[in-house]
Amino acid sequence: MSKILEAKQAVVTEVADKLKDAASVVVVDYRGLTVAQVAQVTELRKQLRDAGVEFKVYKNSMVRRATVTAGLEGLNEHLTGPNAIAFSTEDVVAPAKILNDFAKKNEQLEIKAGVIEGNVASAEDVKALATLPSREGLLSMLLSVLQAPVRNFALATKAVAEQKEEQGA
């Protein structure tokens with residue numbers, strides 16, 4: 001087997017493994033981003049890196065082969081033109097949120113599709129995911145909901161105690 005073919009197979013295996021292991025994947029079209037926007041793209045890459053998201057450009061033909069290996073053939077219809085792919089193994093919401101915010105400021109970046117916990121998702125699904133609060137935000141909401149009954153009980157007992165003191169005094 002030639003070295004070129006081996007290198008291509010290694011890339012296909014790498015992409016397939018990333019697709020299988022990822023909590024979420026977002027495919028974006030970056031056509032039209034200009035040199036003037038390089039600083040913004042650099043900032044985007046930094047934000048993604050800080051969130052634990054890998055952002056890479058692969059040849060569409062290799063990604064198509066990897067999607068077949070990973071069982072995500074539904075993604076192939078979106079693999080046309082220049083694409084970049086964001087992989088996140090930890091946070092499901094992070095790549096969608098960061099890329100959606102960037103796409104709002106830069107109309108040249110277009111979210112095409114994604115994979116959310118092993119299921120192919122449309123651009124609308126990815127954008128809907130981006131509007132969800134982060135994991136920490138959801139946990140704090142849950143915590144406040146769980147604390148509310150205890151807090152209300154404490155306030156009620158305090159009010160009863162104060163009322164008893166006033167009656168006794």
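Below, the structure is looked at part by part.

### Concerning the overall build of the protein
Helix and strand counts for the protein stand at 6 helices and 5 strands. When the helices and strands of the protein are listed from N to C terminus, the series reads α-β-α-β-α-β-α-β-β-α-α. For 169 residues, the compact-globule estimate of 2.2 N^0.38 gives 15 Å, and the C-alpha radius of gyration of the protein, at 24 Å, exceeds that figure by more than 25%. Expressed as lengths along the three principal axes of its C-alpha atoms, the size of the protein is roughly 95 × 35 × 25 Å. Out of the 169 residues in the protein, the part that is buried amounts to 34%.

### A few points about the nonpolar core
Ranked by size, the top nonpolar core spans 25 residues in total, and within it V26, V28, L48, F55 and L99 carry the most contacts. Elements supplying a minimum of two residues to this core: β1 (24-29), α2 (38-50), β2 (53-56), β3 (83-88), α4 (94-105) and α5 (123-130). Looking at which element gives the most residues to this core, the answer is α4, with 6 residues. Other than its neighbours up to four places away in sequence, L99 contacts V26, V28, L44, L48, F55, A86, L109 and I111. Within the second largest apolar cluster, 18 residues are counted, among which are V15, L19, A22 and L79.

### Things to note about α4
Its 12 residues give α4 an end-to-end C-alpha distance of 17 Å, which sits within 8% of 16 Å, the value for a rise of 1.5 Å per residue. Along α4, the residues that are buried comprise A94, P95, A96, I98, L99, N100, F102 and A103. Tucked into the core, α4 has its buried residues touching β1, α2, β2, β3, β4 (110-116) and α5.

Rules of the game
- Residues numbered from 1 in each chain as written.
- Predicted model: local features only at pLDDT ≥ 70, side-chain atom pairs only at ≥ 80, totals over all residues.
- Heavy atoms only, no water.
- Helix = DSSP H or I, 4+ residues; strand = E, 2+ residues; numbered from the N terminus.
- Rg over C-alpha atoms; globule rule 2.2 N^0.38 Å.
- Buried < 20%, exposed > 50% of the residue type's maximum accessible area, 1.4 Å probe, protein only.
- Core = buried A, V, L, I, M, F, W, Y, C linked by side-chain atoms within 4.5 Å.
- Contact = heavy atoms within 4.5 Å.
- Expected span 1.5 Å × (residues − 1).

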